[in-house]
Amino acid sequence: MQLTINNKIYDVDIEPDTPLLWVLRDEIGLKGTKYGCGIAQCGACTVHVDGEAQRSCQLEVGDLEGSAITTIEGVGTPEALSAVQQAWITHQVAQCGYCQSGQIMQATALLMENNAPTDEDIDDSMSGNLCRCGTYPRIRAAIHDAATKLQEG
Amino acid sequence: MGRAKTIARRTFLIGSVAIAGGVAFGVYKVKTPHDNPLADTLEPGQATFNPFVKITSDSITLITPHADIGQGVVHMQAALIAEELDLEFGQFETSFGSPDAAYFNTALGAEAVPFASFDEGFAARTMRTVATSAFKLLGVMGTGGSSSVPDQYEKLRRAGAIARETLKLAASKEADIPVSQLSTKNGAVVFPDGSLRTYQDLAASAAKLTPVSDVTLRDPSTWRLIGKPMKRDDILGKSTGTQTYTIDLEIEGMVHAAIRINPRRAEVLEYDASEAEAMPGVSRVLPVTNGLAVIANSTWRAINAANQINFDWAEAPYPAEMDAHWAEVAASFMEDRLDQEWRSDGDPDAAMESTEVLTAEYRAPYVAHQPLEPLAAIVRVDNEGAEVWAGHQLPRFVQQKVAAIAGCEPDQVTFHNQYSGGSFGHRLEFDNITLTTEIATQMPGVPVKLTFSREEDFAQDYPRQIGMSRSSGSVKDGKVDSWSLDIATVSAARSQSARLGLPAAGPDTQIAAGAWSMPYAIPHLRVRAYAVPELAPTSSWRSVGASTAGFFAEGYLDELIHFAGADPMEERLRLCTNPIHRQVLETIAEMSNWGSDLSENQGRGVAMVESFGVPTAEVVEVTNTEDGIKIDRVYIVADVGRVIDPVNFENLMQGGVIWGLGHAINSEITYSDGIAEQTNYDAAEGMRLYQTPEIIVKGLENAEKIRGIGEPPVPPAAPALANAIFAATGQRLREMPFNKHIDFV
């Protein structure tokens, strides 16, 4: 089957019920998307499918042919950071960093839909993403900061 | 010296590691420094000045041996060296280095002794010296107990200064200009005419010199890095998905493994793996201790197949149901199980004889660690030894564990430590590494990567100690007068020591940690620790003993103050005589505007617990809404002697508060049929973003000794929240998790 990931087409020969998460990590080698729980409780595996934040551990690749998939590697790179990633660095959000790919993907999806989220909007959008280190106050601040920057264009 | 000698010959427990007292080994050996492990790795023309700095003609490597489990210690360690060596971030690489005795932890030993952190008496000082010598002699290399900063603060600055002065000496000899006319800046020696010679260019000539040992550390007023906000070296990778963890590593020729282990921690009676063996991508099913491993060509196929094996598990070696665990804890307040009477001021029994006595019982459950990166490891075993890739806090024990299984010597085990996706104490345990080694030993030459499913990680976790306290106390003239605090928990330290193969005699310093050393001058105060015999195996959980004993102590103290009719803050201040602790309390009272009006459905609670030498106070403000308790705001103050990086400090303080609050609210591990009932985050979620309060942080620098901040914010969180909820609702919470008794929004 063919998957479109970060605007590139990948030919994948795999059982169609394999979760996207494991295809990204083990077959394609995009390791930025993380395994945390496997049951959509932690958000570490969050990617975008056609612009919407989804838990890749719950998506069967057989259902994704023709969809545009974006991973953390597709939103920005160390050389060309997205506004959200820049805000994450400015606010020194990460501790262990393991959840942050998923947090950034969820926050990016939120800001694509709503470029001026309130604290309540952030609560609603981000509460499915666990951070065991407890970086939530900085995540909140970074989202507000990124929103401001995006509004300024 | 008589008393110090007697104590030193005992064996005592250090959080997670038991150590024999050191004097028997003799002063000479203790003073002998360990060989520099970097010397073995050098080619001609490369220089190493100590175990922490290595310079070649094209690179500079700083060795940062403490494990980075999210707390940012790679950056911290590098900054300490770079400060004295005049390096900028970007000019060097960092490496965890190879496990070596030279990296022994100088701070764990000092914390191991049963004296209060503020006790500078003869016995306390002597014991700290003896314990530190023991750690040095044994080369105990460990990350834990918030010890990385105290361990490295002097040592790494000195390492940087030695390298700097040796490079200056090399430049002086090359150019025939006196050292006194040379300076260093930006990775280079600066000559009087302003010309530069980089450290890399000087490596070959510096390598021929004996390193300069007589160095003076710079005055803090001249620091460029320490004490100022820093951009963490790992922040770019962790904001772009490019930081790799063990679970992301690929080694050529690697196979993937998944395991199923008896969740009752006993043997396998029978199994049927025929379905798993026939699944796509599965190559083998192999036996491991108490379970089976599936080898496949991808993580998913391995995990998926492992889940299709049917097992008949043997019974657990501990009680199958929770009632029996609690009954054992409750039965442990007896003379036979008295581990240590830690404090005995005045005569509480006499003081309580003819007055009204307030009694209360507190409970703290088992709680899982569950860092977000699941346990994983890669191991390759062959005739030459073994190679291991994993994130771990005790590298030299990793070598021992692997060697014992692979049938080689510890020095034949090459260990590549990795950045870890959290730990909270989980990466002091070895199951991921020992199980992978068991598999790899059955497949010589093949690198085996084992990834735990989250369900296996929960089932095989070693949770925090279960425990209870029983307090009785009395008041006099509106003041706290007497208090007898008895604490009974299982000994996580003994449970860990047994798995490490270490002796565990002497009292467990953690059972009453954070309680017995309280800086309150209560006229009659007794604190006794009782050791509950091992039930389910347990381990160090972020802040260890203080996470339970701190709750027991500060929860009940609040009750006793209320019983006296006094104000929670004013009475604590009145009782607090130690000046460092007192300043922490005064600061939090001022910051939180203690005493100012709140609305009727709001409440405010305070708690102060000292752990790992750091007095830490928190004030929590809550609102009792129609749907449950909402945590509005938390203030936190801690005195660490000196703050290395105010940004990372704030992040760790906030994270510690969130860890403490979240687990106090909603997390426990319970056993039914001998199996942990919680199998994933849906049943033990900790705090989520919508529940997270505003957290206002302040670090004080009055204490004489520098301390770490990874753990001290945790213990006061639970009691401060319980005390705030009482203030808002009149309901006392004496058992965690609190959501068994009250709703939260």
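Thresholds applied
One numbering rule holds for all chains: residues counted from 1, following each sequence as written. Chains carry letters from A onward and ligands carry numbers from 1 onward, assigned in written order. Local features are withheld for residues below a pLDDT of 70 in this predicted model, meaning they are given only at 70 or higher, and side-chain atom pairs are given and counted only at 80 or more; totals for whole chains, interfaces and linings count all residues. Numbering goes from the N terminus for both helices and strands, where a helix is a DSSP run of H or I of at least four residues and a strand is a run of E of at least two. For every residue, the other C-beta atoms within 10 Å of its own C-beta are counted; 20 or more classify it as buried, 12 or fewer as exposed, and values in between as partly exposed. C-beta atoms are placed from the backbone. C-beta atoms are first placed from the backbone for all residues, and any pair lying within 7 Å is then listed as a contact. Atoms counted for the radius of gyration: C-alpha only. Globule rule: 2.2 Å times the number of residues to the power 0.38. For two strands to pair, DSSP has to find at least two bridges joining them. Axes here refer to lines fitted to C-alpha atoms; in helices the fit is confined to the stretch in contact. Angles between the N-to-C directions go from 0 to 180 degrees. Domain delimitation follows an automatic or database domain assignment. Lys, Arg, Asp and Glu make up the charged group, whereas Ala, Val, Leu, Ile, Met, Phe, Trp, Tyr, Cys and Pro make up the nonpolar group; the residues left over, Gly among them, are polar. The nonpolar core is taken to be a set of buried Ala, Val, Leu, Ile, Met, Phe, Trp, Tyr and Cys residues joined by way of C-beta atoms within 7 Å. To obtain the arc, one takes the directions from the helix axis to the C-beta atoms. Any angle that falls under 35 degrees is termed roughly parallel, while one over 145 is termed roughly antiparallel, one within 65 to 115 roughly perpendicular, and all others oblique. A crossing counts as left-handed when the near helix is turned anticlockwise from the far one by less than a right angle, and as right-handed when that turn is clockwise. A residue's pLDDT is the predictor's confidence in that residue, given on a scale from 0 to 100.

> Please provide a residue-by-residue account of the overall build of chain B, values included.
Secondary structure assignment for chain B yields 21 helices and 29 strands. Along the three orthogonal principal directions, the C-alpha set of chain B runs to about 85 × 70 × 55 Å. Across the 745 residues of chain B, 58% fall into the buried class. Expressed as a percentage of contacts within chain B between residues at least 6 apart in sequence, the contacts between residues at least 24 apart total 79%.

> Which residues make up the overall build of chain A, and what values do they have?
Of regular secondary structure, chain A possesses 6 helices and 5 strands. Shown N-terminal to C-terminal, the secondary structure of chain A runs as helices and strands in the order β-β-α-β-β-β-α-α-α-α-α. Here the C-alpha atoms of chain A give a radius of gyration of 15 Å, agreeing with the 15 Å that 2.2 N^0.38 yields for 153 residues. With the C-alpha coordinates of chain A rotated into their principal frame, the extents come out at 40 × 30 × 25 Å. Classification of the 153 residues of chain A by burial places 58% in the buried group.

> How would you sum up the sheet that holds strand S23 (residues 524-532) of chain B? Please name residues and give values.
Residue and element names in this part refer to chain B. Strand order in this open sheet of 5 strands is S15-S23-S22-S21-S16, and the pairing throughout is mixed. Every interior strand has two partners, whereas the edge strands, strand S15 (338-345) and strand S16 (358-364), have only one. Neighbour-to-neighbour, the strand axes of this sheet turn through a mean angle of 10°, independent of strand direction. Both strand S22 (residues 479-490) and S23 contribute to a ladder of 9 bridges, which runs parallel. By the bridge assignment for S23, Asp 486 is matched with Arg 528. Relative to the sheet, helix H11 (residues 322-330) contacts strand S21 (467-476), S22 and S23, its axis offset from that of S21 by approximately 45°.

> Help me get a handle on unusual backbone geometry, residues and values and all.
Omega for the peptide link from Met 736 of chain B to Pro 737 of chain B comes to -10°, which places this bond in the cis form. In this structure, Pro 737 of chain B sits in the segment after helix H21 (717-729). Positive phi, normally seen in glycine, also occurs at Asn 6 of chain A, with a value near 50°. Relative to the assigned elements, Asn 6 of chain A resides in the loop between strand S1 (2-5) and strand S2 (8-11).

> Tell me about the interface of chain B and chain A, and name the residues and values.
In this complex, chain B contributes 49 residues to the contact, which on the side of chain A involves 45 residues. Counting only elements with at least two residues in the side of chain B that touches chain A, the list comes to helix H8 (235-238), helix H10 (299-306) and helix H20 (646-666) of chain B. With 6 residues, H20 of chain B is the largest single contributor of residues to the side of chain B that touches chain A.

> Quick one: what's the story with the sheet that holds strand S6 (residues 93-95) of chain B, residue by residue and with numbers?
Residue and element names in this part refer to chain B. Spatially, 4 strands are ordered S3-S4-S5-S6 in an open sheet, and the strand pairing comes out mixed. Strand pairing shows two members of the sheet lacking a second neighbour, strand S3 (47-50) and S6, which therefore form its edges. Looking at each pair of strands side by side, their axes are set apart by 20° on average, direction ignored. The sheet contact formed by strand S4 (residues 53-55) and strand S5 (residues 60-63) spans 3 bridges and is antiparallel. Bridge pairing links Ile 55 to Ile 60 in S5. Sitting on the sheet, helix H7 (residues 199-206) touches S3, S4 and S5, and the angle it makes with S4 is about 95°.

> Got a sec to walk through the environment of Phe 612 of chain B? Specific residues and values, please.
Structurally, Phe 612 of chain B is set in the loop between strand S24 (602-611) and strand S25 (614-625). A C-alpha to C-alpha distance of 30 Å links Phe 612 of chain B and Asp 35 of chain B, two positions 577 residues apart in sequence.

> Which residues make up the pairing of strand S11 (residues 268-272) of chain B, and what values go with them?
All names here are of chain B. Counting buried positions along S11 yields 0 of 5 residues, so the element is predominantly exposed. Looking at chain direction, S11 and strand S14 (residues 310-313) are connected through 4 bridges and run antiparallel. Considered in S14, the bridge of Val 268 is made with Trp 313.

> Report on the domain arrangement of chain A, specifying residues and quantitative values.
All names here are of chain A. By the assigned domains, chain A splits into domain 1 (2-75) and domain 2 (83-152). Placing a centre on the C-alpha atoms of domain 1 and another on those of domain 2 gives a separation of 21 Å. Every element with two or more residues in the side of domain 1 that touches domain 2 is listed here: strand S3 (46-49), strand S4 (52-55) and helix H2 (72-75). Counted by class, the side of domain 1 that touches domain 2 contains 7 nonpolar, 6 polar and 2 charged residues.

> Break down the domain arrangement of chain B for me, with residues and values.
In terms of domain boundaries, chain B breaks down into domain 1 (33-105 + 141-232), domain 2 (246-315 + 375-451) and domain 3 (332-367 + 463-740). With 9 residues of domain 2 of chain B in contact, the opposing surface of domain 3 of chain B contributes 10 residues.

> So what's going on with the nonpolar core? Residues and values would help.
Residues and elements named next belong to chain B. Ranked by size, the top nonpolar core spans 244 residues in total, and within it Ala 257, Val 294, Val 388 and Leu 721 carry the most contacts. Dropping the residues within four chain positions of it, Val 388 is found in contact with Ala 377, Val 379, Val 398, Val 402, Val 413, Thr 414, Phe 415, His 416 and Ile 433. Judged by nonpolar contacts, the second largest core, of 7 residues, contains Phe 104, Ala 107, Val 140 and Met 141.

> How would you explain the environment of Tyr 318 of chain B if you had to name every residue and give the values?
All names here are of chain B. One can find Tyr 318 in the loop between S14 and H11. When the C-alpha positions of Tyr 318 and Ala 266 are compared, they lie 9.9 Å apart, and in sequence the two are 52 residues distant. When sequence neighbours within four positions are dropped, the list of residues in contact with Tyr 318 reads Leu 535 and Ala 536.

> Quick one: what's the story with H7 of chain B, residue by residue and with numbers?
Given 3.6 residues per turn, any residue in an α-helix points the same way as the ones three and four places further on. All names here are of chain B. Listed in full, the buried residues belonging to H7 are Tyr 199, Leu 202, Ala 203 and Ala 206. End-on, the buried residues of H7 take up no more than an arc of 135°, which puts them together on one face. Where H7 is buried, its residues contact S3, S4, S5, helix H6 (148-175), strand S8 (188-190) and strand S9 (196-198).

> Describe in detail the packing of helix H13 (residues 395-406) of chain B against helix H14 (residues 431-441) of chain B, supporting the description with residues and values.
All names here are of chain B. The geometry of H13 relative to H14 is characterised by a closest axis approach of 9 Å and an angle of 30° between their N-to-C directions. Accordingly, the angle class assigned to the pair H13 and H14 is roughly parallel. When the axes of H13 and H14 are compared, the crossing they make is right-handed. Across from Val 398, Lys 401, Val 402, Ile 405 and Ala 406 in H13, the residues of H14 making contact are Ile 433, Thr 434, Thr 437, Glu 438 and Thr 441. Tallied by class, the residues present in the contact of H13 with H14 amount to 5 nonpolar, 3 polar and 2 charged.

> For helix H16 (residues 492-500) of chain B, give the residues involved together with the corresponding values.
The set of residues buried in H16 of chain B consists of Ala 492, Ala 493, Arg 494, Ser 495, Gln 496 and Ser 497 of chain B. Gly 501 of chain B, located one to two residues past H16 of chain B, shows a positive phi value of around 75°.

> Lay out the confidence of the model for chain B in plain terms, naming residues and giving numbers.
Do not read the predicted coordinates in detail wherever pLDDT is low. Residue and element names in this part refer to chain B. Residues at a pLDDT of 70 or more form 92% of chain B, whose mean pLDDT is 92. This stretch, residues 1-32, has a pLDDT under 50; its non-local contacts, to residues over four places away or in other chains, come to 74 contacts. The ipTM, which scores confidence in the relative placement of chains, is 0.98 for this predicted complex, and the corresponding pTM is 0.95.

> Tell me what's going on with the packing of helix H4 (residues 100-113) of chain A against helix H6 (residues 136-152) of chain A, and back it up with residues and numbers.
Residues and elements named next belong to chain A. Axis separation between H4 and H6 bottoms out at 11 Å; the angle between their running directions is 40°. For the element pair H4 / H6, the angle class is oblique. When the axes of H4 and H6 are compared, the crossing they make is right-handed. Here H4 contributes Gln 103, Ala 107 and Leu 111 to the contact with H6, which in turn contributes Ile 139, Ile 143, Ala 146, Ala 147 and Leu 150. Per-class residue counts for the contact of H4 with H6 are 7 nonpolar, 1 polar and no charged.

> I'd like a rundown of the environment of Leu 110 of chain A, residues and numbers included.
All names here are of chain A. With respect to the helices and strands, the residue Leu 110 is situated in helix H4. In this structure Leu 110 comes out as buried when scored by C-beta crowding, with 21 C-beta atoms within 10 Å. Spatially, the C-alpha atoms of Leu 110 and Met 126 are 8.5 Å apart, while their sequence positions differ by 16 residues. When residues no more than four places from it in sequence are discounted, the contact partners of Leu 110 are Pro 117 and Ser 125.

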